[in-house]
Structures are given as structure tokens and as C-alpha cells.
Number of protein chains: 2
Amino acid sequence: MTAESSWLDALAFDQDGLIPAIAQDAQSGTVLMMAWMNAEAVAETVRTGQAVYYSRSRKRLWRKGEESGHTQTIHEIRLDCDGDVLLLSVTQHGGIACHTGREHCFFRRLDATPDGKTWQVTDPVLKDPADIYTGKKS
Amino acid sequence: MTAESSWLDALAFDQDGLIPAIAQDAQSGTVLMMAWMNAEAVAETVRTGQAVYYSRSRKRLWRKGEESGHTQTIHEIRLDCDGDVLLLSVTQHGGIACHTGREHCFFRRLDATPDGKTWQVTDPVLKDPADIYTGKKS
């Protein structure tokens, strides 16, 4: 058993070979997003020090920021008690983690209104996605 | 469509009818744990203001703290851009979220050592699980 397979073997991937990875801003503590990794994505994240996820829709590795330039530099990787969830402490380059152009993906809050509960958008779009996904990494 | 089904319909449950829920400490910002909810768990969490998950191993609702007394009071519930992850802001009663007796479940950090990378336990056990799970809620 190599050193790499040793730490990687501690991870409990699901039936699709994936594990959830939560990205948290290293400075503010804001939970930025949750995405999925396969073993290759985990290994590449550790090797490069940049977050690499697995896109379930595109069925391939997704090097975070490959289109937007909004990469995530890894400070710390943690594993939970059951070995089936990862927590990444990251620096979010560009200050935008979400493809909608917001700081983080959790921009809707469940609020009570006179008409009942509703998901209220609480966070502004910092940059128009049309300007983010131009094919150029600015 | 009732008001309840309206906000609940925004959630994209997976093929097993589940959605991941990340619990974050409302004060410290520490990510405490990630667990799963089905629609019933989400609805009961919102109705009671206490975190209710779905235990995949026990295949039933898991009212967090039902055995340990370490309940989680909900301050805020957020939904991500794809509607398939929840973020809960909570007060963790007893200061222990993990069944191992630690503050949070992410108590292992990937560290580099001379022998290669290894998961290092970074957080102390605050209370012996044998004393937590006595069947009595103290």
C-alpha cells in the first residue's frame, strides 16, 4: 500500500464513487458551496492544492475556476467521523464561488411571510454570469 | 398548492428522496456535520425549529439529540443555487455535534508527515460517548 492509497482508502465513497466536499472560506468561515469529488478529483486536489471536483452533469473532472477563473486554493482538508464527507478550507479567488455570480451558493434563505414560508434571495450578484463565462479567464 | 408544498417543492431530492444538510454553528461558524434529510425531515425541522435528519443506516427520522440530548436549534435555513443542498445555521446544545463526543465531525485533518500524508486527529473528545449514550438525556 502506497502512502497515497493509505490516506485515500480512509474515504468512504458512495455507490457512484463520489464523496460530498464542502468548501468553506478560510477567512470568513462562510460556507461557499458543496460539490462532489471522485477519487481522482480528491487526489488531484491534494496534489495541486487547488479544488478539483467531479461534475455529475458533465461526467468529468471539474477544475473549479477552469472557465470562470474563480479558482479555490486549498488551506486544509478535513474528513468527518464516518469518512464520507470532506470539508475544504479555501481561499476563493475572485470572491465568487457560485455560477450565478454570487459569493456563495447558499443565497436563498427560508423566510416567513404573511403568505407562508418562501425562499428569499439575500445575496447580491457581484458579477454578471455573462461576463464571467466569456471563455476568457480574466 | 399549499404554502408548505410550495417552498418544499423548490428542493431537489436525490434518487433516494434525500438532500444533504450541512449544520454550521451560528456563533462560531464551525461546520459541525453533514447529514441527510428526506422531505418529512425537512418539514419537521421547519415546523419544530429543531434539526431532524433522516438516518440512512436506521432508515428512519433521526431527531438530532434524541439519545444524546445534543439537540440543534435552527436559526436559519439556506438552499443552494441548484436546490440540492441545505445549509442550517444552528445552536448546538451541549457543544457536541459528533457521536464521538467531539464538537464537530470534521476532527481529522490531512497532514503531511515524513512518511506521507495522513489523517491527523485535531480535536479532543469533550465527553466519553459511553457517558453520552446512556439512554438518559442529561
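The structure this text deals with has already been given above.
Cut-offs used in this document
Residues numbered from 1 in each chain as written. Chains lettered and ligands numbered in written order. Predicted model: local features only at pLDDT ≥ 70, side-chain atom pairs only at ≥ 80, totals over all residues. Core = buried A, V, L, I, M, F, W, Y, C linked by C-beta atoms within 7 Å. Buried ≥ 20, exposed ≤ 12 C-beta atoms within 10 Å, placed from the backbone. Contact = placed C-beta atoms within 7 Å. Helix = DSSP H or I, 4+ residues; strand = E, 2+ residues; numbered from the N terminus. Pairing = 2+ DSSP bridges. Axes fitted to C-alpha atoms, helices over the stretch in contact; angles between N-to-C directions. Nonpolar A, V, L, I, M, F, W, Y, C, P; charged D, E, K, R; others polar. Least-squares fit on C-alpha atoms with pLDDT ≥ 70 in both.

Caption draft 1: Here's a closer look at the nonpolar core. Counting 59 residues, the largest nonpolar core has A21, I22 and L86 of chain A together with A21 and I22 of chain B as the members making the most contacts within it. Not counting residues up to four positions away in its chain, the partners in contact with I22 of chain B are I22, V31 and M34 of chain A together with V31, M34, V85, L87 and L88 of chain B.

Caption draft 2: Seen up close, the pairing of strand β6 (residues 86–92) of chain A. Residues and elements named next belong to chain A. Of all 7 residues in β6, 6 are buried; the element is thus mostly enclosed. Judged from the 5 bridges that link them, strand β1 (residues 19–25) and β6 form a sheet pairing that is parallel. Note that in β6 the partner of A23 across the bridge is L88. Examined bridge by bridge, strand β5 (residues 72–79) and β6 share 7 bridges and lie antiparallel to one another.

Caption draft 3: Region of the structure containing the sheet that holds β6 of chain A. With mixed pairing, the 6 strands of this open sheet are ordered in space as β2(A)-β1(A)-β6(A)-β5(A)-β7(B)-β8(B). The open sheet terminates on both sides in strands that have one partner only, identified here as β2 (31–37) of chain A together with β8 (116–121) of chain B. Ignoring which end each strand starts from, the neighbouring axes of this sheet average 35° apart.

Caption draft 4: Just the interface of chain B and chain A, in detail. Counting residues at the interface gives 33 residues for chain B and 33 residues for chain A. Taken together, the elements giving at least two residues each to the side of chain B that touches chain A come down to α1 (3–8), β1 (19–25), β2 (31–37), β5 (72–79), β7 (108–113) and β8 of chain B. In terms of residue class, the side of chain B that touches chain A is built from 19 nonpolar, 7 polar and 7 charged. Direction of pairing for β5 of chain A relative to β7 of chain B: antiparallel, over a ladder of 2 bridges. Bridged to L79 of chain A within β7 of chain B is R108 of chain B.

Caption draft 5: Quick look at the relation of the copies chain B and chain A. Its rotation angle being 180°, the transformation that places chain B on chain A also includes 0.0 Å of axial translation and leaves an RMSD of 0.0 Å. Taken together, these values place the two copies in the relation of a two-fold axis. Minimal C-alpha separation from the rotation axis in chain B is found for G29 of chain B, amounting to 2.8 Å. Taken together, the interface assignments show that 100% of the residues at the interface of chain B recur at the interface of chain A, consistent with an identical surface on both copies.

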